[in-house]
Amino acid sequence: MVMYDSILARSFSRHEQKKLRYGAFVCCLLIALCFCTVLKPNLNPLPALKLQRSMGVKHQILALWETNSTQQVIKNMLEYPEINTNTTEEFENMTSQVAADSDDLQQNASTLTNPIASSSQAEEAKIEEVVTKNLEPLCNTMEAKTEFCEINKDVHVDAKSSSAFVVSSQIGNRSWSIRPYARKEDKTAMSHTRAWSVKPVIGELEIPQCNRNHRVPAILFSNGGYTGNHFHEFTDVVIPLFITSRKYDGEVQFLISDIKPFWVPKYQAVLKGLSKYDIIDIDKEDVVHCFPSLTVGLKRHEKELSIDPSKHSYSMKDFREFLRNSFSLKKANAIRIKEGHQRKRPRLLIIPRKRTRSFTNTGEISKMARRLGFKVIVAEADINLSKFAEVVNSCDVLMGVHGAGLTNILFLPENAVFIQILPVGGFEWLATNDFGEPSQDMNLKYLEYKISNEESTLIQQYPMDHAVFTDPYSIGKQGWEAFRSIFLEKQNVKLNVNRFRPTLLKALELLHQN
């Protein structure tokens, strides 16, 4: 440095030395500027790498986001002027690091596209779950008693092809076949139910064009199965229809398949209470109906005549209140009997049944009940459901042999007493599941009376040591048809009024507790 200064001092004046220093400084700046201009295109920040692939589990989409930590370092070095000219080596090191990071990203991408080679630890570190979405339409085929599809987008319903079409790029090519009757485990019932297809399509050209546009959602269900049996009409259709449609508050269109001519008039009050629109017999339609959303099939509880409030937001109390409003039933609560102040007699309804499992001594039963203090009504339901609902609602106690007619307990007032008569044949399971347990969810007081062999008319057809009496379950093991032909179709009941009397006294006692 001393030598450099002495040479400059001998060769140049102070003024000339100052000019040389300024010139050298300017040259250095020019060299640095050229250096940065040449290298900058190769040092642009690497874009974030975004890779997606379907993991195929519950339709989850997983995304990999990888960012390079050296991007900001390079950007800062290029933008700040205080970079000195000795950073060439640093740039080379950083460029090598960027290349290495890029190789790592490519390797990660390869790992993601090859599930077999992927490491669970690497995925946990680098994969962020950004979308979890069930594909629509959501077709629920896992319920014990029913299948249904809820399509929450525009749907085209074509009766000619028994299909509901929905346009969506998210669904893929999968389709569903649904029999919209809520007893899917019963092959006999489903064999009388028309199948409907829910078909996703990708483009508008693949879908039949609308002939009638509707502004409200729709529910498509069937009158097939066991419609015609009063019990099945309620447990398989009416209650599930209430569960499925009540949330719409009347703003919903019903499409009925396999329609029975008697069914709509019979349940007119129910249908009007759930929908403000006339029903459509969808099987007869030759035009395409379009709706903003559609449910194919009905939701229901696994148990008979029941609603699970934790799952469906409604209870049997809500349903019975709906029935009272729909049929304009006046009596909300059963009579309360007070000691010494009994002005009104409790009303006892006897359902006699006309064909099978009938009471053969209805007069004798009625006479005994009147002596105990009941006002007795003997009646059976007919096609006029509204009229019979009023009769049932006016009563405080209902009794009858196990059968579909007992379904009318739905119309009883709160805290009424229900007496189910069990005929010979091992009816305990059926009686409990069909009516016993459901009645308690209806806030009714349940009593059960099991007849003796002598009270069954089967004693006139079979000897006392026959399996019909000694081992009725062996008959059941032969199949439903064998069980039904003997215990359901050949049997009537002659109640021993003296033996039955304590059951009616118990009913009176329960009314005292109201």
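Here we summarise the structure given alongside this text. (Residues numbered from 1 in each chain as written. Predicted model: local features only at pLDDT ≥ 70, side-chain atom pairs only at ≥ 80, totals over all residues. Heavy atoms only, no water.)

1. Let's talk about the state of the cysteines
What counts is decided by this rule: Disulfides are defined as pairs of cysteine sulfur atoms found within 2.5 Å of each other. Note on conventions: DSSP H or I runs of at least 4 residues are helices, E runs of at least 2 residues are strands, and numbering of each starts at the N terminus. A simple rule labels every residue: compare its accessible area, found with a 1.4 Å probe on the protein chains alone, to the largest value its type can have, and call it buried under 20%, exposed over 50%, or partly exposed in between.
Tallied over the entire structure, the rule returns 2 disulfides. The side chain of C139 participates in a disulfide bridge whose partner is C149; the two sulfur atoms lie 1.9 Å from each other. Every disulfide takes its handedness from the sign of the S-S torsion; for C139 and C149 that torsion is 110 degrees, giving right-handed. Of the two residues, C139 sits in strand β4 (residues 138-140) while C149 sits in strand β5 (residues 148-151), which places them 10 residues apart along the sequence. You can call C149 buried: its relative accessible area is 0%. For C210, the disulfide goes to C290, at an S-S distance of 1.9 Å. The disulfide joining C210 to C290 has a torsion of about -100 degrees about its S-S bond and is therefore left-handed. Taken as a pair, C210 in the loop between β9 (196-201) and β10 (212-213) and C290 in strand β14 (residues 288-291) lie far apart in primary sequence, 80 residues in all. Take C210: its relative accessible area is 28%, and that puts it in the partly exposed class. On the basis of relative accessible area, C290 is assigned to the buried category, the value being 5%. Listing the disulfide partners of the protein chain by sequence rank of the bonded cysteines yields 1-2, 3-4.

2. Some points on the nonpolar core
Worth spelling out the cut-off: Residues grouped as a nonpolar core are buried Ala, Val, Leu, Ile, Met, Phe, Trp, Tyr and Cys residues, joined through side-chain atoms within 4.5 Å. Contacts: residue pairs with any heavy atoms within 4.5 Å of one another.
Counting 99 residues, the largest nonpolar core has F319, F374, M399, I419, I421 and L495 as the members making the most contacts within it. The dominant element in this core, judged by the number of residues it contributes, is helix α7 (residues 230-245), at 8 residues. With sequence-adjacent residues up to four places away left out, F319 is seen in contact with F234, V238, I239, F242, I307 and L410. In terms of nonpolar packing, the next biggest core, distinct from the first, is built from 20 residues, I151, V155, V198 and F291 among them.

3. A few points about the pairing of strand β16 (residues 347-351)
Every regular strand shows the same layout, with side chains that alternate between the two sheet faces. The criterion, for reference: Each pair of strands is called paired provided DSSP finds at least two bridges between the two strands.
Here β16 lies mainly inside the structure; 4 of its 5 residues are buried. The sheet contact formed by β16 and strand β17 (residues 375-378) spans 4 bridges and is parallel. Note that in β17 the partner of R347 across the bridge is K375. For β16 and strand β18 (residues 397-401), the ladder comprises 4 bridges, and the chain directions are parallel. The partner of L348 across the bridge, within β18, is V397.

4. A look at the sheet that holds β5
The condition that has to hold: The axes are straight lines fitted to the C-alpha atoms, using for helices just the contacting stretch, and the angles between their N-to-C directions are given from 0 to 180°.
Taking strand neighbours across the sheet as the criterion, the 6 strands line up as β4-β5-β15-β11-β12-β13 in an open arrangement whose pairing is mixed. Looking at strand neighbours, the two that pair on one side only are β4 and β13 (280-281), the edges of this open sheet. Direction of pairing for strand β11 (residues 218-222) relative to strand β15 (residues 294-296): parallel, over a ladder of 3 bridges. Within β15, the residue paired with A218 across the bridge is L294. Lying over the sheet, α7 contacts β11, β12 (253-257) and β15, oriented at roughly 165 degrees with respect to β11.

Everything listed here is a matter of geometry and, on its own, says nothing about what the molecule does.
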